[in-house]
Amino acid sequence: MGFSHLVFYFLVSSVASLRGCMGSDRVPIQINDDVLGLIVFKSGLSDPSSYLSSWSEDDDSPCSWKFIECSPVSGRVSRVSLDGLGLSGRLGRGLQKLQRVKTLSLSRNNFSGDVSLEFGLIPSLESLNLSHNSLSGLIPSFLDNMSSIKFLDLSENSFSGPLPDDLFRNSLSLRYLSLAGNLLEGPIPSSLLSCSSLNTLNLSNNHFSGDPDFVAGIWSLERLRKLDLSHNEFSGPVPQGVSAIHNFKDLQLQGNRFSGPLPVDIGLCPHLNRLDLSSNLFSGALPESLQRLSSLNYFSLSDNMLTGEFPRWIGSLSSLEYLDLSGKCSDW
């Protein structure tokens, strides 16, 4: 932190201490928390293209600053969008001052290090996008205090380790979650399976393992539209029950060690348009219900251990654009 910011801290502290000493006939000086928080946040960043040059500690409000939006009702910062600005540094202090912010989007930058627990001190936060950075360490437990969070994208970073089983216990409003493209491991937290509002769940390209709870867990998330567990180390069967998710559109389980027969009711998801179960250990014949997938345009079962005759009904899938049944499918 530079000398000017140390002076700024001193002035803020001095003003705060003077408030208690002022008489009733004096008007207290008001410091805008949003200005303070954003200036402290900026002080820890490298901004090689000076995108944040409009952010000045001399302003009474940050609402005219670039990449900032304010609520017309409260006048407080409601959105911070810094995507793709080439910023670097650590996600440190300051942001917790934005007590009315709903959206923080910091994707496609060069932020590094771990994520501060102070994100959990922003009770109003509904959307947090930290994707495509170089963040690392464990996924922090800030979600405990983020009961309003609906959109969370931490994909394409270097987060590692297992996820605490109770990580999502207070995230019942969560609708979109992507942890794709990290170094995460271990089982899917059971608390995630209680997030009944989820419509997109993407855990692809990690090292997750274990036998996921489909029957009482994943298949009970009836609002799901997309499920991507691809390229992990999951194993075990994929039992029937998927038809409970009536509006399912995208199911990707490729690149795991799932085994046993395909779920017999997979064809009872009328809106399914992408189905990729390739590179697993599935065996047995194809369920007859698959022929009912009239909306299916991408279908891959390659590199499994399926048996039986080549299905004649494939030709009746009128929307199909991509089909791959190659590889280990014996008897075909």
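Computed from a prediction, not measured in an experiment: that's the story for all the values here. Numbering of residues begins from 1 in every chain and follows the order in which that chain's sequence is written. The model is predicted, so local features are restricted to residues of pLDDT at least 70 and side-chain atom pairs to those at 80 or more, both for listing and for counting; the totals for chains, interfaces and linings are taken over all residues. To obtain the side-chain values, all non-hydrogen atoms of the structure were used and water was disregarded.

Draft legend 1. Structural view of the overall build of the protein chain. Helix and strand counts for the protein chain stand at two helices and 23 strands. Restricting to contacts in the protein chain with at least 6 residues of sequence separation, those with at least 24 account for 54%. Taken as a whole, the protein chain presents about 15200 Å² of accessible surface, with 49% of it coming from carbon and sulfur. Only runs of H or I of at least four residues qualify as helices and only runs of E of at least two qualify as strands under DSSP, and these elements are numbered from the N terminus. Any two residues having at least one pair of non-hydrogen atoms within 4.5 Å are treated as being in contact. Computed with the Shrake-Rupley method and a 1.4 Å probe, the accessible areas treat only the protein chains shown as cover for residues.

Draft legend 2. Region of interest: the UniProt feature "domain: Leucine-rich repeat-containing N-terminal plant-type" (unreviewed entry) in the protein chain. Look at the UniProt record and you will see "domain: Leucine-rich repeat-containing N-terminal plant-type" (unreviewed entry) annotated at residues 32-71. Across residues 32-71, helical content stands at 28% and strand content at 12%; the span's end C-alpha atoms are separated by 15 Å. UniProt positions are given in the numbering used here, feature names are shortened, and annotations may be inferred rather than shown by experiment.

Draft legend 3. Inspection of a positive patch on the surface at higher detail. For patch detection, residues must exceed 30% relative accessible area and be free of salt bridges, and they are connected within 9 Å for like charges or within 5 Å for nonpolar side chains (Val, Leu, Ile, Met, Phe, Trp, Tyr). We count a salt bridge whenever a side-chain nitrogen from Lys or Arg sits within 4 Å of a carboxyl oxygen from Asp or Glu. Positive charges come from Lys and Arg, negative ones from Asp and Glu, while His and the chain ends are left out of the count. Working definition for charges: the position is that of NZ of Lys, CZ of Arg, CG of Asp or CD of Glu. On the surface, R175, R223, R225 and K249 cluster together into a positively charged patch. Looking at the secondary structure, you find R175 in the loop between β10 (158-162) and β11 (176-178).

Draft legend 4. Layout of helix α2 (residues 33-43). α2 sits mainly inside the fold: eight of its 11 residues count as buried. With a 1.4 Å probe rolled over the protein chains alone, any residue whose accessible area is under 20% of its type maximum counts as buried; one over 50% counts as exposed, and the rest are partly exposed. Taken as a whole, α2 has its buried residues at D34, V35, L36, G37, L38, I39, V40 and F41. Whenever two N or O atoms come within 3.5 Å, that pair is a polar contact, provided that in protein one can donate a hydrogen and the other can accept it, and provided that, for residues adjacent in sequence, both atoms are side-chain atoms. Capping of α2 at its N-terminal end is provided by N32; its side-chain oxygen lies 2.8 Å from the backbone amide nitrogen of D34.

Draft legend 5. The arrangement of unusual backbone geometry in detail. Positive phi values are uncommon outside glycine, yet F67 reaches one of about 70°. Mapped onto the secondary structure, F67 falls in the loop between β1 (45-46) and β2 (68-70). The phi angle at H231 is positive, at roughly 55°, despite the residue not being glycine. By secondary structure assignment, the location of H231 is in the loop between β15 (226-228) and β16 (233-237).

Draft legend 6. Examining the side chain of N202 more closely. Checked against the element boundaries, N202 lands in strand β13 (residues 200-202). A polar side-chain atom of N202 sits 2.7 Å from a polar atom in the side chain of S204. Excluding residues within four positions of it along the chain, N202 makes contact with L177, S178, L179, A180, K226 and D228.

Draft legend 7. Up close: the sheet that holds β1. When DSSP finds two or more bridges between two strands, those strands count as paired. Strand order across the open sheet formed by 11 strands is β1-β4-β6-β8-β10-β12-β14-β16-β18-β20-β22, with mixed pairing between neighbours. Since the sheet does not close on itself, it has two edges, and those belong to β1 and β22 (305-306), each with one partner. As defined by bridge partners, β16 adjoins strand β18 (residues 257-260) across three bridges and the pair is classed as parallel. Note on β18: the bridge partner recorded for G236 is F258.

Draft legend 8. Up close: the sheet that holds strand β17 (residues 250-252). The sheet built from 12 strands is open, its strands ordered β2-β3-β5-β7-β9-β11-β13-β15-β17-β19-β21-β23 with mixed pairing. Of all strands in the sheet, those bounded by a partner on one side alone are β2 and β23 (322-324). Averaged over all adjacent pairs, the angle separating strand axes in this sheet is 10°, with direction ignored. One ladder, built from three bridges, connects β11 with β13; its direction is parallel. Within β13, the position partnered with Y176 by the bridge is T200. Angles shown run from 0 to 180 degrees and are taken between the N-to-C directions of axes, each axis being a line fitted to C-alpha atoms and, for helices, limited to the stretch in contact.

Draft legend 9. Broad picture of the pairing of strand β12 (residues 183-186). For β10 and β12, the ladder comprises three bridges, and the chain directions are parallel. Of the residues in β12, the one forming a bridge with G161 is L184.

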